[in-house]
Amino acid sequence: MEKPNNGRIQLPQLSRRTFVTGLAAGAVTGAAASALALPSGLRAASPRPEPRQAVQTLRGNHFDLGIGYTRVNFTGRERQATTVNGSLPAPILRWKEGQKVTLNVTNNLAHDSSIHWHGLILPTDMDGVPGLSFNGIQPGETYRYEFQVKQSGTYWYHSHSGFQEQTGLYGAIVIDPAEPDPVAYDREYVVLLSDWSDESPLEIYGHLKKESHYYNFRRRTVGDLWSDIREKGVARTFRERGMWNRMRMSDTDISDVTGYTYTYLMNGQTPEDNWTALFKRGEKVRLRFINAAAMTIFDVRIPGLKMTVVASDGQNIEPVTVDEFRIGVAETYDVIVEPADDRAYTLFAQGIDRTGFARGTLTPELGLYAEVPPMDYAPVLTHRDMGMGHGDHGSPRERGAPAPHTGHGPAASSGEMHGGMDHSQHGDMGNMDHSQHGSMNSMDHSQHSPGSDTNYTPYGGRGNLGGMQGVWFTENLGRAGHGSNKPIVHLPSEFAYTVDMRADQPMDGLNDPGIGLRDHQQRYGRRVLNYGDLRNLTPTIDKREPERELQLHLTGNMHRYVWSMDGIQFNDAEPLMLKYGERIRITLVNDTMMTHPIHLHGMWSELETGDGNRIPRKHTILVQPGAKISYLVTADAYGRWAYHCHLLFHMPGMFREVRVV
Ligand SMILES: [Cu+2]
């Protein structure tokens, strides 16, 4: 890592106008909203007392890491961060495939701590999940992690204890391949994205528990109402708004935690600090993007440069050239860029909800910088994001323009509402027809009787594995690499207070770049990466067909801010049992309005993108709202493994133990 010592580089002229322009393009209206939605890192432009150092890189076989407290100042106010060796982000660990590494991790905190090596295939007691694979590291204790490095690529590490990751305990891992790298490049940089708040994680969590919209200042206003009416007419506007109001949801609720409290960081530096990397014209530069944020999904682009994506979650893929990609929390993407001119370029990573961004500069010369582009418009959730079956209405629509309802009579729409959404928890639904709920429930439950489809068992799967949850299908499964062909089944556990919404007709989560990106080709001429583009660079290793398929639902109740799988929170859940060596398919159905990054520890998640010979291997899969997506897993690692949403405040509930026996 040749990184320039980023001393006090001349501050860019980030005029207020730039940001106001960006916000005006979005859905913000009203002076209060504009002011509040400014990224907090840009509000306070007070210079740091000392220049921030570039992130240190540690190499070798043996590492001593100390977890401790460090004072930081990202906003003009000093706060306490949780760090490794005093550094936020933690040092970059540089390994070589095939070597054995030893890491002595000393916990100098007042609380238990841990480090999880995200995406690494290793024995379960080295995985670093307290309560599952080890007991955590007690205050004052040193825990020795020791394992063989079996893979190459870009990964990262973070605490798996409490909410420590949110306060700074994360860092990059770069593993050089044993064989010559199939990717050619002249220089490389880690670009680690994260989100910082001056509020403690417990405060943020407390706010969300009290009011899930606490950080959302983009709820629509009377002004929006008139522009909606102009665009869509009175009847449609009131039908749509009425639906949102009845559900007491906000169609602008894209992120639980926003730029109102978050300052978005690139390699630990705020947008105004402007992390800077050097290149020489004509060089191939490899950028290793890591999303180490607690809660923020980023959309990344470098205006003026094409990016050739060469790896996803550390695994080489067939190169695909794009202008923009979405990186979910915990995902990594490696891209190659070839700047042809002696000019600076802005690395721009805007939050999925467009309430702020991380920013850095790629430049041939220190002191140069490029324009910071305005943020894109803020997306607005539509019916299709709720799995309500509007995916077949032709081109996707954005910006408050749900697919038209042509072809649906009033009965059809109302049936859809009842099928897709569960209103039984709402005491004040007013004009909702409660008499239908009984019939809806009994209809759905009737699907669980073995007679309707003998292909699956709702509770137990095969008896000899015992105690399983979820819906398991065992016959006539879709071909490996091509995804699920099974009907959507909602278990009785999904009809509980933990669930306020269910998708009955989830859309395809594969060939969809996701909310806020769908029209970027037409609107901006940007080619956006989607999961359907991913093909492994080398042939699929395990070519077997899956023997069993698990359908698991990502569920939540936004009003209570509880998250779950199949309506069951982690504390009440049985482990998912896998038999060593078996090949299974997991189909995730997202019954919520949020995009969830789902991470399976210890084994690869092999995303079925339509080519059984080139199945890409990932450790974290983004599941779009109201969508389903399938991947294969070879249960080749004994032990107890975590399986969870990587959004920090979803993790307490949306979590399962996977046990391979
Ligand atoms: Cu989640």
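Residue indices follow the written sequence of each chain, beginning from 1 at its first position. Reporting of local features is limited, given that this is a predicted model, to residues whose pLDDT is at least 70; pairs of side-chain atoms are given and counted only at 80 or more, and all residues count toward the totals for whole chains, interfaces and linings. The side-chain numbers reported here are obtained from all heavy atoms of the structure, hydrogens and water having been left aside.

## Re the overall build of the protein chain
For the purposes of this entry, the term helix denotes a DSSP run of H or I that reaches at least four residues, the term strand denotes a run of E that reaches at least two, and both are numbered from the N terminus. Along its length, the protein chain carries nine helices and 34 strands. In this description, contact between two residues means that some pair of their heavy atoms is separated by no more than 4.5 Å. By sequence separation, contacts in the protein chain at least 24 residues apart represent 76% of the contacts at least 6 residues apart. Just so you have it, the protein chain exposes about 23,100 Å², and 51% of that area is on carbon and sulfur atoms. Surface exposure here means Shrake-Rupley accessible area, sampled with a 1.4 Å probe, where a residue is shielded only by the protein chains that are shown.

## Points about helix H4 (residues 201-210)
Among the residues making up H4, those that are buried are Pro201, Ile204, Tyr205, His207 and Leu208. Within H4, the buried residues cover an arc of 160 degrees as seen down the axis, which keeps them to one side. Within H4, the exposed residues directed more than 90 degrees away from the buried face are Leu202 and Lys210. Buried means the residue's accessible area, taken with a 1.4 Å probe over protein chains only, is under 20% of the maximum for its type, while exposed means over 50%, and partly exposed covers the values in between. Each C-beta atom gives one direction from the helix axis, and the arc is the one those directions make.

## Some points on the nonpolar core
Throughout this description, the term nonpolar core refers to a set of buried Ala, Val, Leu, Ile, Met, Phe, Trp, Tyr and Cys residues connected via side-chain atoms within 4.5 Å. Within the largest apolar cluster, 106 residues are counted, with the highest numbers of intra-cluster contacts made by Leu287, Tyr643 and Phe649. The element best represented in this core is strand E10 (residues 187-197), accounting for six residues. Counting residues in hydrophobic clusters, the runner-up holds 29 residues, among them Val84, Val105, Met126 and Phe134.

## Re the environment of Tyr260
Residue placement: Tyr260 occurs in the loop between helix H6 (234-247) and strand E11 (262-266). Note on Tyr260: relative accessible area 28%, which makes it partly exposed. C-alpha separation for the pair Tyr260 and Tyr214, spaced 46 residues apart in sequence, amounts to 9.7 Å.

## Some details on the pattern of salt bridges
When a carboxyl oxygen of Asp or Glu is within 4 Å of a side-chain nitrogen of Lys or Arg, the pair counts as a salt bridge. For the structure shown, the criterion picks out 31 salt bridges. A salt bridge links Lys618 to Asp313; the shortest N-O distance between them is 3.1 Å. With Lys618 in strand E30 (residues 617-618) and Asp313 in the loop between strand E15 (307-312) and strand E16 (315-322), this residue pair connects regions lying 305 residues apart in the sequence. With relative accessibility at 0%, the residue Asp313 sits in the buried group.

## Description of the sheet that holds E11
The pairing of strands in a sheet comes from backbone hydrogen bonds and takes either a parallel or an antiparallel form. Read from one edge of the open sheet, six strands run E11-E10-E13-E18-E15-E16, paired in mixed fashion. Taken across any chain shown, the strands that pair with only one partner, and hence form the sheet edges, are E11 and E16. Averaged over all pairs of adjacent strands, the angle between their axes in this sheet comes to 20 degrees, without regard to strand direction. Bridge analysis of E10 against E11 gives five bridges, and the strand direction is antiparallel. Its bridge partner being in E11, Leu193 is matched across the sheet by Met266. Note: two strands are recorded as paired if DSSP finds a minimum of 2 bridges between them. Between the N-to-C directions of two axes lies an angle of 0 to 180 degrees, each axis being a line fitted to C-alpha atoms and, for a helix, fitted only over the stretch in contact.

## Concerning the pairing of strand E31 (residues 620-623)
Burial along E31 is two-sided: the residues Thr620 and Leu622 and Ile621 and Val623 are all buried. Sheet topology places strand E28 (residues 596-600) next to E31; four bridges connect them, and they run antiparallel. Bridge pairing in E31 places Ile598 opposite Ile621.

## Side note on the layout of surface pockets
Residues are said to line a cavity or pocket when one of their atoms sits within 4 Å of a point; the points come from a 1 Å grid over protein atoms alone, cavities being sets where a 1.4 Å probe fits but cannot get out and pockets being open sets with protein on both sides within 12 Å along at least five of seven lines. Grid points are joined across faces, edges and corners, and a volume is the space filled by probe spheres set on the points. When its volume is computed, the largest pocket comes out at roughly 800 Å³. What lines the largest pocket is a set of 34 residues, and nearest its centre among them are Lys150, Gln315, Ile541, Trp604 and Arg617. As a working rule, the residues Ala, Val, Leu, Ile, Met, Phe, Trp, Tyr, Cys and Pro are called nonpolar, Asp, Glu, Lys and Arg charged, and the rest polar, with Gly in that last group. A breakdown of the residues in the lining of the largest pocket according to their chemical character gives 16 nonpolar, 11 polar and seven charged.

## A few points about unusual backbone geometry
With the exception of glycine, most residues fall at negative phi, and the peptide bonds are largely trans. For the bond from Leu88 to Pro89, the omega torsion is -5 degrees, close enough to zero to count as cis. Within the secondary structure layout, Pro89 lies in the loop between strand E3 (78-84) and strand E4 (90-96). A positive phi angle, near 50 degrees, is found at Asn267, a position not held by glycine. When you line up the elements, Asn267 lands in the loop between E11 and strand E12 (275-278). A relative accessible area of 3% means that Asn267 is categorised as buried.

## Points about the pairing of strand E13 (residues 285-291)
In the case of a regular strand, side chains alternate between the two sheet surfaces. Counted residue by residue, E13 has seven buried out of seven residues, so it is predominantly covered. As paired strands, E13 and strand E18 (residues 332-337) are joined by six bridges and run antiparallel to one another. When the bridges of E18 are listed, Arg286 appears paired with Ile336.

## Let's talk about the confidence of the model for the protein chain
For every residue, the predictor assigns a confidence score, pLDDT, that lies between 0 and 100. On average, residues of the protein chain score 80 in pLDDT, and 73% of them reach the 70 mark or higher. Confidence drops under a pLDDT of 50 for residues 1-51, and excluding neighbours within four residues, the segment shows 103 contacts in the predicted structure. Confidence drops under pLDDT 50 across residues 243-249; counting only partners more than four residues distant or on other chains, this segment forms 29 contacts.

## Details of the packing of aromatic side chains
Note on aromatic contacts: the rings of Phe and Tyr and the six-membered ring of Trp form a pair at centre separations within 6.5 Å, being stacked when their planes are under 30 degrees apart, edge-to-face when over 60 apart, and tilted otherwise. Enumeration according to the criterion identifies 25 aromatic pairs in this entry. When the centroid spacing of 5.6 Å and the interplanar angle of 20 degrees are considered together, the rings of Tyr205 and Phe649 count as stacked. Linking Tyr205 in helix H4 with Phe649 in the loop between strand E33 (639-645) and strand E34 (655-660), this pair joins segments that are 444 residues apart in sequence. Judged by relative accessible area, which is 16%, Tyr205 ranks as buried. Judged by its relative accessible area of 1%, Phe649 is buried. Here Phe289 and Phe325 contribute two aromatic rings whose centre-to-centre distance is 5.4 Å and whose plane-to-plane angle is 75 degrees, an arrangement assigned as edge-to-face. Of the two residues, Phe289 sits in strand E13 while Phe325 sits in strand E17 (residues 325-327), which places them 36 residues apart along the sequence. A residue is classified by how much of its surface remains accessible, and Phe289, at 1% relative accessible area, is buried. By relative accessible area, Phe325 is classed as buried at 0%.

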